[in-house]
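Below, each chain spelled out in residue letters.
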Amino acid sequence: MNDCIFCRIASGEIPCMRVYEDESTLAFMDIAKDVDGHILVIPKAHFKNILDCDEETLSAVMKTVKRVSEHLTEDCGYDGVNLLNASNESAGQSVLHFHVHIIPRKHGDQLDAWPKFDGAKQDIQDVFAGIRMRQRDV
Ligand code: 5GP
Ligand code: ZN
């Protein structure tokens, strides 16, 4: 048995509040009750996160993210969205099935959806030298 909670939601085995669905993706309400309108978009197939997701599936997920975001802003009275994703446990991913969080925003809603970082500790040129992509990496 697949013990991945989002696979079980995608298959219909576990119920969810379905916002949008197509052949390969699903958007549904996050049950966290932390922010009004918190939505998750997932591929129906299991991928741990963006790092192991194939490009076709990733495109389908982002297409659904855009569709749902447009619906929120064009039809539901929201003014914008924050898109959040954690890939791997080190980044805070708790459910190990790829998902993008959509946080609908309204002017003046006073939500704090942007992390406050402590400040960079390394020289930016040193970091850049370590992470810049050469042509062969592209
Ligand atoms: P992560 O921390 O992996 O980025 O986010 C996982 C999200 O999944 C959390 O916001 C959590 O509330 C949500 N979640 C966990 N279990 C369930 C569930 O059974 N149903 C729904 N709808 N959301 C879930
Ligand atoms: Zn899964």
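Quick caveat: nothing in here was measured; it's all calculated off a predicted structure.

Side note on the site of ligand 1
Okay, so step 1: As a structural note, the neighbourhood of ligand 1 is formed by 16 residues, with M29, D30, S94, H99 and H101 the closest of them.
Okay, so step 2: Here S94 contributes a side-chain N or O atom positioned 2.7 Å from an oxygen atom of ligand 1.
Okay, so step 3: Protein contacts shield 79% of the accessible area of ligand 1, which totals 520 Å² for the unbound molecule.
Okay, so step 4: Taking a 2 Å distance to the grid points as the criterion, the majority of the atoms of ligand 1 fall inside the largest pocket.
Okay, so step 5: Of all the secondary-structure elements, those providing two or more residues to the shell around ligand 1 are α1 (5-10) and β2 (25-29).
Okay, so step 6: If you tally residues by element for the shell around ligand 1, the top one is α1, at 3 residues.
Okay, so step 7: Each residue belonging to the shell around ligand 1 can be placed in one class, and the counts come to 9 nonpolar, 6 polar and 1 charged.

Brief notes about the packing of aromatic side chains
Okay, so step 1: Under the defined criterion, the tally for this structure stands at 1 aromatic pair.
Okay, so step 2: Measuring from centroid to centroid gives 5.5 Å for F6 and F28, while their planes differ by 85°, and the two rings are edge-to-face. Of this pair, F6 sits in helix α1 while F28 sits in strand β2, and the two are 22 residues apart along the sequence. F28 shares its class with F6; the two are buried.

Digging into the sheet that holds strand β3 (residues 39-43)
Okay, so step 1: The antiparallel open sheet is built from 5 strands, whose spatial order is β1-β2-β3-β5-β4. Every interior strand has two partners, whereas the edge strands, β1 (18-21) and β4 (80-84), have only one. The sheet shows a mean angle of 20° between the axes of neighbouring strands, taken without regard to direction.
Okay, so step 2: The sheet contact formed by β1 and β2 spans 3 bridges and is antiparallel. Paired with E21 across the bridge in β2 is L26.

Focus on the layout of surface pockets
Okay, so step 1: For the largest pocket, the calculated volume is near 260 Å³.
Okay, so step 2: Contributing to the lining of the largest pocket are 19 residues, with F6, F28, D30, I31 and L40 lying nearest its centre.
Okay, so step 3: At the level of secondary structure, the elements contributing two or more residues to the lining of the largest pocket comprise α1 and β2.
Okay, so step 4: No other element matches α1, which puts 3 residues into the lining of the largest pocket.
Okay, so step 5: The class makeup of the residues in the lining of the largest pocket is 13 nonpolar, 5 polar and 1 charged.
Okay, so step 6: The volume enclosed by the second largest pocket comes to roughly 150 Å³.
Okay, so step 7: M17, M29, D30, I31, K33, D34, V35, D36, G37 and H38 together form the lining of the second largest pocket.
Okay, so step 8: Of the residues contributing to the lining of the second largest pocket, the split by class is 4 nonpolar, 2 polar and 4 charged.

Quick notes on the rules
- Residues numbered from 1 in each chain as written.
- Chains lettered and ligands numbered in written order.
- Predicted model: local features only at pLDDT ≥ 70, side-chain atom pairs only at ≥ 80, totals over all residues.
- Heavy atoms only, no water.
- Near = heavy atom within 4 Å.
- Polar contact = N/O pair within 3.5 Å; in protein donor to acceptor, adjacent residues only side chain to side chain.
- Areas by Shrake-Rupley, 256 points an atom, 1.4 Å probe, with all protein chains shown as cover.
- 1 Å grid on protein atoms, 1.4 Å probe; cavity = no way out; pocket = protein on both sides within 12 Å on 5 of 7 lines; lining within 4 Å.
- Sits in = over half its atoms within 2 Å of the grid points.
- Helix = DSSP H or I, 4+ residues; strand = E, 2+ residues; numbered from the N terminus.
- Nonpolar A, V, L, I, M, F, W, Y, C, P; charged D, E, K, R; others polar.
- Phe/Tyr/Trp six-rings, centres within 6.5 Å; stacked < 30°, edge-to-face > 60°.
- Buried < 20%, exposed > 50% of the residue type's maximum accessible area, 1.4 Å probe, protein only.
- Pairing = 2+ DSSP bridges.
- Axes fitted to C-alpha atoms, helices over the stretch in contact; angles between N-to-C directions.
- Points joined across faces, edges and corners; volume = space filled by probe spheres on them.

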